[in-house]
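# Tertiary structure, described
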2 protein chains.
Amino acid sequence: MTNLNKLKIYEARGFINPARVRIALAEKKALDQVEFVEVDVMKGEHRQPAFRVKNPSASVPVLELECGTTIAECSAITEYIDHSFPGVSLTGKTAKERAVIHMMQRRAEQNLLDAVGLYFHNATPGLGKDLETYQNKEWGEKQREKAIRLRLPFGSLECIILIRCWGNMNLLRGMTSLWQISPSLLDCPLQISPKSRFLGNVRT
Amino acid sequence: MTNLNKLKIYEARGFINPARVRIALAEKKALDQVEFVEVDVMKGEHRQPAFRVKNPSASVPVLELECGTTIAECSAITEYIDHSFPGVSLTGKTAKERAVIHMMQRRAEQNLLDAVGLYFHNATPGLGKDLETYQNKEWGEKQREKAIRLRLPFGSLECIILIRCWGNMNLLRGMTSLWQISPSLLDCPLQISPKSRFLGNVRT
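Attention in this report is confined to the structure presented alongside it. All values reported here derive from a predicted model rather than from experimental measurement.

### Describing the interface of chain A and chain B
Taken together, the contact pairs 35 residues of chain A with 35 residues of chain B. Approximately 3200 Å² of surface area, both sides summed, lies buried where chain A meets chain B, with 61% of it carried by carbon and sulfur atoms. On the chain A side of the contact with chain B, H102, Y134 and W139 of chain A bury the most area, a combined 19% of that side's loss. With its nearest N and O atoms 2.9 Å apart, the salt bridge here joins R98 of chain B to E79 of chain A. Taken together, the links from chain A to chain B amount to 11 residue pairs in polar contact (both at pLDDT 80 or more). For the side of chain A that touches chain B, the secondary structure elements donating two or more residues are β4 (70–72), α3 (74–84), α4 (95–123) and α5 (137–150) of chain A. In terms of residue class, the side of chain A that touches chain B is built from 14 nonpolar, 12 polar and nine charged.

### Structural notes on the sheet that holds strand β1 (residues 8–11) of chain B
Residue and element names in this part refer to chain B. Taken together, the four strands give an open sheet; going across it, the order is β2-β1-β3-β4, and neighbouring strands pair in mixed fashion. The two strands at the open ends of the sheet, each matched to only one other strand, are β2 (35–38) and β4 (70–72). Neighbour to neighbour, the strand axes of the sheet diverge by 25° on average, direction disregarded. Note: strand β3 (residues 62–64) against β4, three bridges, orientation antiparallel. Bridge pairing links L63 to I71 in β4. The sheet strands contacting helix α1 (residues 16–27) are β1 and β2, and the helix crosses β1 at an angle near 150°.

### Topic: the relation of the copies chain A and chain B
Superposing chain A onto chain B requires a rotation of 180° together with a translation of 0.0 Å along the rotation axis, leaving an RMSD of 0.0 Å. Look at the turn and shift together and you get a two-fold axis relating the two. Residues of chain A ranked by C-alpha distance from the rotation axis are headed by W139 of chain A, positioned 3.5 Å from it. Here 100% of the contact residues of chain A are again contact residues in chain B; the copies associate through an equivalent surface.

The rules behind the values
- Residues numbered from 1 in each chain as written.
- Chains lettered and ligands numbered in written order.
- Predicted model: local features only at pLDDT ≥ 70, side-chain atom pairs only at ≥ 80, totals over all residues.
- Heavy atoms only, no water.
- Contact = heavy atoms within 4.5 Å.
- Buried area = accessible area lost by both parts, 1.4 Å probe.
- Salt bridge = Lys/Arg side-chain N within 4 Å of Asp/Glu carboxyl O.
- Polar contact = N/O pair within 3.5 Å; in protein donor to acceptor, adjacent residues only side chain to side chain.
- Helix = DSSP H or I, 4+ residues; strand = E, 2+ residues; numbered from the N terminus.
- Nonpolar A, V, L, I, M, F, W, Y, C, P; charged D, E, K, R; others polar.
- Pairing = 2+ DSSP bridges.
- Axes fitted to C-alpha atoms, helices over the stretch in contact; angles between N-to-C directions.
- Least-squares fit on C-alpha atoms with pLDDT ≥ 70 in both.

Listed below in structure tokens is the structure:
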């Protein structure tokens, strides 16, 4: 692949989804081949028209290709990274590998990442009044229950990303509430130590 | 690939997610190479221990490989189908194709299929009292608003699947409410006619 240095990733320091993309890049040893552009989410920059042109869903991260095409959604960006850089396969090679990895990825999102995110944004102060324009506390609490009930032994990459990222997000309020989800969230079978190759060079 | 006739798909007649997998198989001209097994969702068969062994998330469809491995999540099953059968590529070949298709798939799920499903299960009688053990009407209504606001011109495969499947589900109650989402849901740019190759041999 040519012009790798012209790939741009729009992200926000310390947020969990940008960290997932950085982990994928780290696995490919390609972190230094991408230009990162900070988006000031706390000031609502992601909801401004200039950013919505890149991603109508108004979320980070967004990958911008040299041709101008923009890719949103972590797992879609990971597909691009996995098929563009050499090294270990992240999304699988055989039909069975691809299907199993894709399924586990979706389960980790639905049962853990999305559930915890919905709890945070709906049943805690979340990102604050200016950004949390609608909250449904009951739904948030229900998602908290789901996260506790359904967190699966994913091999825990998603767990540890969650713990590391959210734990470091001192810009986020309501963190005390977040940890109340379950002390046992920390009991996930952490096959990956906090100092592992996954996180050593990933800014969270 | 060998032993294609030993693939099994557990599904439920008329539901939208099984139809998505059938469409993928139809595109690959492989509908007749899979054994379909009906799961009686209206009687809660998907929540019984025998089925949860195959899919702890208790949802259909589930693909069972000859080796016994089970794959849940529509998009994961589509990955398997796409990489196992010859013919048109469903998930893309280049890095950019894979990323764009994956992104649009996620947007179609989040903004349309999931949003409409959450509305149906939370703000209408849904599948009835026995199966809808928790409902949050306010959240359901919010998802209805989201579906109206965010439905995108996906090329509308997802739109037409939705309309066809849900329209045919006479086993589902509350359909009148569903159609109240927005008459303009029918205004989606239907690039695929109801008699297209996508739906001609797909049971919905």
